[in-house]
Each structure stands twice: as structure tokens, then as C-alpha cells.
Amino acid sequence: MKKWVFLLVMLLPLGCEAIQQEPQAINVEYSNTGDQAREAAPQKKAPTKTQTKAQTIKVTKSQVYQGNLLLVNKQYPVHEEGVTADVVNLFRDKELTQGYVVLDKTIRLSQDVAQKFQTMVNAAAKEGVSSFMISSGYRDNKEQGQLYKSMGADYALPAGYSEHNLGLSLDIGSTQTEMNRAPEGKWLQKNAWAYGFILRYPKDKTEITGIKYEPWHFRYVGLPHSAIMQEKNLTLEQYLDFLKEQKKVSATVEGKAYEVSYYPVSGNTSIPVPVGRSYELSGNNMDGVIVTLLP
Ligand SMILES: [Zn+2]
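So, how was this worked out
- Residues numbered from 1 in each chain as written.
- Predicted model: local features only at pLDDT ≥ 70, side-chain atom pairs only at ≥ 80, totals over all residues.
- Heavy atoms only, no water.
- Buried < 20%, exposed > 50% of the residue type's maximum accessible area, 1.4 Å probe, protein only.
- Helix = DSSP H or I, 4+ residues; strand = E, 2+ residues; numbered from the N terminus.
- Pairing = 2+ DSSP bridges.
- Polar contact = N/O pair within 3.5 Å; in protein donor to acceptor, adjacent residues only side chain to side chain.
- Salt bridge = Lys/Arg side-chain N within 4 Å of Asp/Glu carboxyl O.
- Donors = N, O, S within 2.8 Å, 3.2 Å for Na, K, Ca; no water.

**Structural notes on the pairing of strand S7 (residues 169-174)**
Link 1 in the chain: Judged by how many residues are buried, S7 sits mostly within the fold: 6 of 6 residues are covered.
Link 2 in the chain: Taking every second residue as pointing to the same face, both faces of S7 are buried, with Ser169, Asp171 and Gly173 on one and Leu170, Ile172 and Ser174 on the other.
Link 3 in the chain: Of the strand pairs in this sheet, strand S6 (residues 132-136) and S7 are connected by 4 bridges, and their pairing is antiparallel. Bridge pairing in S7 links Met133 to Gly173.
Link 4 in the chain: Alignment of S7 against strand S9 (residues 217-220), held across 3 bridges, turns out to be antiparallel. Within S9, the position partnered with Asp171 by the bridge is His217.

Here it is in C-alpha cells:
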């Protein structure tokens, strides 16, 4: 029998000054489904026989180490295949850096993440917050090793154990003042989730992340993940555990419905996805993959 647990959580109204740009609410539903109950989404005894047809996708072990949801920390290093393929030099790409400053010529980042960042910066500018700076992005292992030496273990991680080695993380500053006090920092803490970003090392989660509070370090994970994490106050570590426990989570963000499912992967694994539905796949860098059905 299928057990359904419904929890409806409303997000606190997010300041009303934004003109319908921000989501008003995130609805999140959790369901604990047994593995055998995955293929058909129960429709509360719908009178018609409309069943979602599923196709099977094949997932290999290497996909556990690729994607936007990889957990990288002291325990879980970046695998070679985890480094984002679209890293670009931001200093040379003027189109990607309109509306903000890059600290120096070496700043690199995933192109996709840079585009998302630009969208976010444009939204902030409309609210009068416009002094953003990227001070660090992608780092290769050599750069990370040097940083670890100079910064120490509280603020940096050894080569291969930093999110910066993925290309999905960036350190964001304000050209006005330190991020802790800057309007840019405050704006991001409140709004970054709506653009797929998370504050990766929050003040109240240092015991979980093992890293001191870093108001400047943001990580791209994408929607709806950033929204769920914000709404439930979860770090990436906690969110991935949560998905593993729940197996399936439905989330509605800005009226758009997503479905997020966790699957363990040991060898080659077959995963059912509904025919005709767009989806994204990401490993968790530990033991499985997360399939996100898109709106
Ligand atoms: Zn950082």
C-alpha cells in the first residue's frame, strides 16, 4: 500500500516591495513511496485510467559524480568528471559581466552559472542594489592548494575538496562595504534562492558544514532545490539527506510544479521517468542521483 504524507508549507511572504518578480509561495509536498510504487503517480483514485507512461533512463556510476547537486566537502572530493564543462573566463567575456565587477583577470565560472548570476544581478538592480562584485569563481587544484596554505582550514579546503573546484560556486562581494553589512549581502540572503543560488555556509549551520560563516560564498544548485532549501532552512548536506529519506518531493515554485526523486546507484541503474516530461539529472557525489521533473 502506498503511504502518503502530505505537508503543506507556506513560505513567509517575501517582502511586498518586489513587483511580482519573486515567488509568493513555495508549496512542498513530501511522499514516502516504496520503490515499487514509483512508476505510476497515484491520482487519488481518479475515475479515469489516465496513467503516466514511463520511459526508462540508464544511469551509470559516473553520473553520481556529475551535476548541480554534488555535495563537495571534507568528506566528498570533486571527481574529475564533476568539474563543470563550461567554465569560461569572466574577465574576457564582457557580455556575461554587465552590471557587476569582476575582481581580476583570472576569474572563471561555469557559463551557465554566470548567466544565472547575471539574471539575479539584473533583478537586484531593479530594487536599487547594484554594487556586486565576483571575487572568486572556479579554481583549479593548484590555486586551491595555494589558498588552503594561506587561509587555513577554517576558511578554505584542500585541493579537490572545495566547491570552487567544481565551477558552480562563487564568492560575491560588494564594492561598497563588507558583505555582512552590504545591501548586496542582505539582498542575496533574502532572494538568491529564487535564482537557483544558496548561501552555502550560513551562520547557524557551521557544525553541519564544517566551515565558518561566509556571507560571500554562494553555490548554484538550481530550482526548485534552492527554493526548498531556503524554505526548510536546509544546507546542501541536510537537503540531500532529506531527499534520501523522503525519496520523492513535490514542490511548486512560482506556480510551477516540480518533482524531485532520489535513486541510489551502485552499478548501472534504470530509472523511470514520464514520457514527454523534461527532466534534469544530478548526482549527489555520494551514492545516488536526483531526478528533477521540470514544469
Ligand atoms: Zn568561496
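**Notes on helix H6 (residues 236-246)**
Link 1 in the chain: The set of residues buried in H6 consists of Leu236, Glu237, Tyr239, Leu240, Phe242, Leu243 and Gln246.
Link 2 in the chain: Where H6 ends, the next residue or the one after it, Lys247, has phi of about 70 degrees, a positive value.

**Observations regarding helix H2 (residues 141-151)**
Link 1 in the chain: N-capping of H2 is provided by Asp140, with a side-chain oxygen placed 3.2 Å from the backbone N of Lys142.
Link 2 in the chain: Looking one or two residues beyond H2, the residue adopting positive phi is Gly152, at roughly 90 degrees.

**Quick notes on the pattern of salt bridges**
Link 1 in the chain: Under the counting rule described, the total for this entry stands at 9 salt bridges.
Link 2 in the chain: For Glu163, the salt bridge is made with Arg200, and the minimal N-O distance between the two is 2.6 Å. Linking Glu163 in the loop between H2 and S7 with Arg200 in the loop between strand S8 (197-199) and helix H4 (206-209), this pair joins segments that are 37 residues apart in sequence.
Link 3 in the chain: Here Arg200 falls in the buried class, since its relative accessible area comes to 1%.
Link 4 in the chain: Note that Lys248 is salt-bridged to Glu259, the shortest N-O span being 3.9 Å.

**Some details on the coordination of the zinc ion**
Link 1 in the chain: Around the zinc ion, the donor atoms from the protein are His164 (NE2), Asp171 (OD) and His217 (ND1), and they sit 2.0 to 2.1 Å away.
Link 2 in the chain: Summarised as a motif, the one-chain spacing of the donors to the zinc ion is H-x6-D-x45-H. Of this pair, Asp171 sits in strand S7 while His217 sits in strand S9, and the two are 46 residues apart along the sequence. Residue Asp171 shares its accessibility class with His217, and that shared class is buried.

**Structural notes on the sheet that holds S6**
Link 1 in the chain: An order of S4-S6-S7-S9-S8 is seen for the 5 strands of this open sheet, with the pairing classed as mixed. Across the chains shown, the open sheet's two edge strands, defined by having one partner strand only, are strand S4 (101-102) and S8.
Link 2 in the chain: Here 2 bridges tie S4 to S6, and the two strands are oriented parallel to one another. Of the residues in S6, the one forming a bridge with Val102 is Ile134.

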